[in-house]
Amino acid sequence: MTPPRPLPAGVRLPSRAGLAHARTAVIVPAQDEAELIGRCLAALAPQLESAALVLVVNNTRDATAAVAQEVATRQGLPLALAERAFARGGVGAARRFGFALAARLCPQAETLLTTDADGAAGGDWVARMRAALEEADVAMGRIETFPDEARRLPSDMRRRQRREARYLALSVAFEGLMDPEGRAGGIDLAGGANLGFRAAAYRALGGFRRRVSNEDRDIVARARAAGLRVARAETAVVRASLREVGRAPDGMAAGVAARRAGRDLVDSALHPLDVMLARHLRAEGRVAGVASVRRSPLDDIEALQECVARLRACATLEERLGYAGRLLERRAGQAEAAPPEAEPWPRRRPFDPGEPVHSGPARRRGVRASAPASPRARRSPAPRPPGSRSACRRGR
């Protein structure tokens, strides 16, 4: 009989029970999180029936590992604890190592989830992510802030956040109307604080890349490009900290700090209306491109709201595309007459994605799935009463 391979250096098993038979592995990177790791583990502890934790304490100078080990031992958590120092790659390297360790210690795990050490998963997070992954290869859960932290934000930040959340909701509605089958992939709202994979899909993607930030959106973008099914699991919630000093450059904390300093930022997942119109028209071979758009997407919030209302009045996708083409042509003419913007708007990851939003036909169990990329299927025109005229055709 072949003896088991020794564990990698720096890996301990405070509680081995449950690891080998776990059906789900939850991977958590942690850097200098001694203050918050207890809250993270306490939120996950009641959800670990047939699940196990893999904690990667990386490049850390505080007592994160000791605190985590004490909690796991006291509560009997199925935990693999790794202490590593990565010369490069930051959080991307930590997640990659954690997923590889989970594959080794939890060979029966069919679902792989990841969250962050400064957050707290909702009471049914593991179950809801499992349900999402029954229908998809990759699931992006919802990230919210802790209400008490949000209430302490300056009022102008809260107002801007509500405006950004409104633009996000309208953007999701626009995507659902212009791409009802979800074949274009929708909006990339991936956050490492709330992300899950089928194990086979994760392996097929080659895992997280060693990136100091944005490793989450990178892997989701690759999943969509590979034709995998990506879902938004809106009911699978993790709360994240609003601290201003984070662990990943250009991450959520950096966005909070920049907003507090008065910088006019917008989430990189959001785009101006002209860019969104051109993307869908280009997918249908109706437009070659769009001139560089340098204003903030939030400047288009009223125009996007009107556009969504017009699109909803259209009976068919063909009518929506026709309206979108006329609207883009009209807006291009207006842009030519307007003075040029001096600088492009700054973009950064969000600190709070806002209110729950849903779109598209697939909402079962709180999930909207994005089908594999392929030429869009045309829907048959809906019947219309004789003599009636589509509001979207009237709209110019």
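All values reported here derive from a predicted model rather than from experimental measurement. (Residues numbered from 1 in each chain as written. Predicted model: local features only at pLDDT ≥ 70, side-chain atom pairs only at ≥ 80, totals over all residues. Heavy atoms only, no water.)

### Quick notes on the overall build of the chain
What counts is decided by this rule: In this description a helix means any DSSP run of H or I spanning at least four residues, a strand means any run of E spanning at least two, and both kinds are numbered starting from the N terminus. The classification of residues rests on relative accessible area computed with a 1.4 Å probe and restricted to protein chains. Under 20% of the type maximum is buried, over 50% is exposed, and intermediate values are partly exposed. A contact between two residues is defined here by any heavy atoms of the two lying within 4.5 Å. Computed by Shrake-Rupley with a 1.4 Å probe, the accessible areas treat only the displayed protein chains as cover when residues are assessed.
Across its full length, the chain holds 13 helices and ten strands. The proportion of buried residues among the 396 residues of the chain is 51%. Considering only residue pairs separated by 6 or more positions, the chain has 85% of its internal contacts joining residues 24 or more positions apart. Split by element, the accessible area of the chain, about 17,900 Å² in all, is 52% carbon and sulfur.

### Things to note about the pattern of salt bridges
Basically, it comes down to this: The salt bridge criterion pairs a side-chain nitrogen of Lys or Arg with a carboxyl oxygen of Asp or Glu, the two atoms within 4 Å.
Per the counting criterion, the structure on display carries 18 salt bridges. Among the salt bridges present, the one from Arg 222 reaches Asp 218, with a minimum N-O distance of 3.1 Å. Here Arg 222 and its partner Asp 218 are both found in helix α8 (residues 215-225), four residues apart, which amounts to about one turn of the helix. Like Asp 218, Arg 222 is buried. Connected via shared salt-bridge partners are Arg 142, Glu 144, Glu 234 and Arg 239.

### So, the nonpolar core
The criterion, for reference: Here, nonpolar core means buried Ala, Val, Leu, Ile, Met, Phe, Trp, Tyr and Cys residues that are tied together by side-chain atoms lying within 4.5 Å of each other.
Counting 37 residues, the largest nonpolar core has Leu 101, Cys 106, Leu 112, Leu 195, Phe 197, Ile 219 and Val 220 as the members making the most contacts within it. The biggest single contributor to this core is helix α3 (residues 90-105), with seven residues. Core analysis: the second largest hydrophobic core is formed by 32 residues, Ile 37, Leu 133, Ala 236 and Val 238 among them.

### Focus: the confidence of the model for the chain
As a reminder of what qualifies: Every residue is assigned a pLDDT by the predictor, reflecting its confidence on a scale from 0 to 100.
Mean pLDDT over the chain: 80, with 73% of residues reaching 70 or higher. Taken as a whole, residues 347-389 scores under 50 in pLDDT and shows 139 contacts with residues more than four places along the chain or in a different chain.

### A word on the packing of helix α10 (residues 273-283) against helix α11 (residues 301-313)
Cut-off, in case you're wondering: Under this scheme, a helix contributes an axis fitted over its contacting stretch, all axes are lines through C-alpha atoms, and angles between N-to-C directions fall in the 0 to 180 degree range. Residue classes follow a fixed rule: Ala, Val, Leu, Ile, Met, Phe, Trp, Tyr, Cys and Pro count as nonpolar, while Asp, Glu, Lys and Arg count as charged, and any other residue, Gly among them, counts as polar.
Interhelical geometry of α10 versus α11 gives an angle of 35° and a closest axis separation of 10 Å. Along the contact surface, α10 presents Leu 273, Met 276 and Leu 277, while α11 presents Ala 303, Leu 304 and Cys 307. Split into classes, the residues belonging to the contact of α10 with α11 amount to six nonpolar, no polar and no charged.

### Examining the packing of aromatic side chains
Both the distance between ring centres and the angle between the ring planes are used here to describe each pair of aromatic rings. Under the convention used in this document: What counts as a ring pair is set by centres within 6.5 Å for rings of Phe, Tyr and Trp (its six-membered ring), and what kind of pair is set by the plane angle: stacked under 30 degrees, edge-to-face over 60, tilted for all other angles.
With the rule as written, the count across this model stands at seven aromatic pairs. Look at Phe 99 and Phe 197: their rings are 5.9 Å apart centre to centre, the planes differ by 85°, and that puts the pair in the edge-to-face class. Of this pair, Phe 99 sits in helix α3 while Phe 197 is found in strand β8 (residues 195-198), placing the two residues 98 residues apart along the sequence. According to the relative accessible area criterion, Phe 99 is buried, its value standing at 2%.

### A word on unusual backbone geometry
One non-glycine residue, Ser 50, adopts positive backbone phi at about 60°. Turning to its location among the elements, Ser 50 is positioned in the loop between α1 (37-44) and β3 (51-58). Residue classification places Ser 50 among the partly exposed residues on the basis of a relative accessible area of 35%. Non-glycine residue Asn 214 carries a positive phi angle of around 60°.

### Some thoughts on the pairing of strand β5 (residues 111-114)
Our working definition: Whether two strands pair comes down to DSSP finding at least two bridges between them.
In β5, alternate side chains face the same way, and those of Thr 111 and Leu 113 on one face and Leu 112 and Thr 114 on the other are all buried. Sheet analysis places β5 next to β8, joined by four bridges and oriented antiparallel. When the bridges of β8 are listed, Leu 113 appears paired with Gly 196.

### Some points on the pairing of strand β4 (residues 79-84)
Condition: Think of it like this: strands point away, you trace from the first strand over the helix to the second, and a clockwise trace means the crossover is right-handed.
Note: β3 against β4, six bridges, orientation parallel. Among the inter-strand pairings, Leu 55 is bridged to a residue of β4, identified as Leu 81. In terms of handedness, the path from β3 via helix α2 (residues 64-75) over to β4 forms a crossover that is right-handed.

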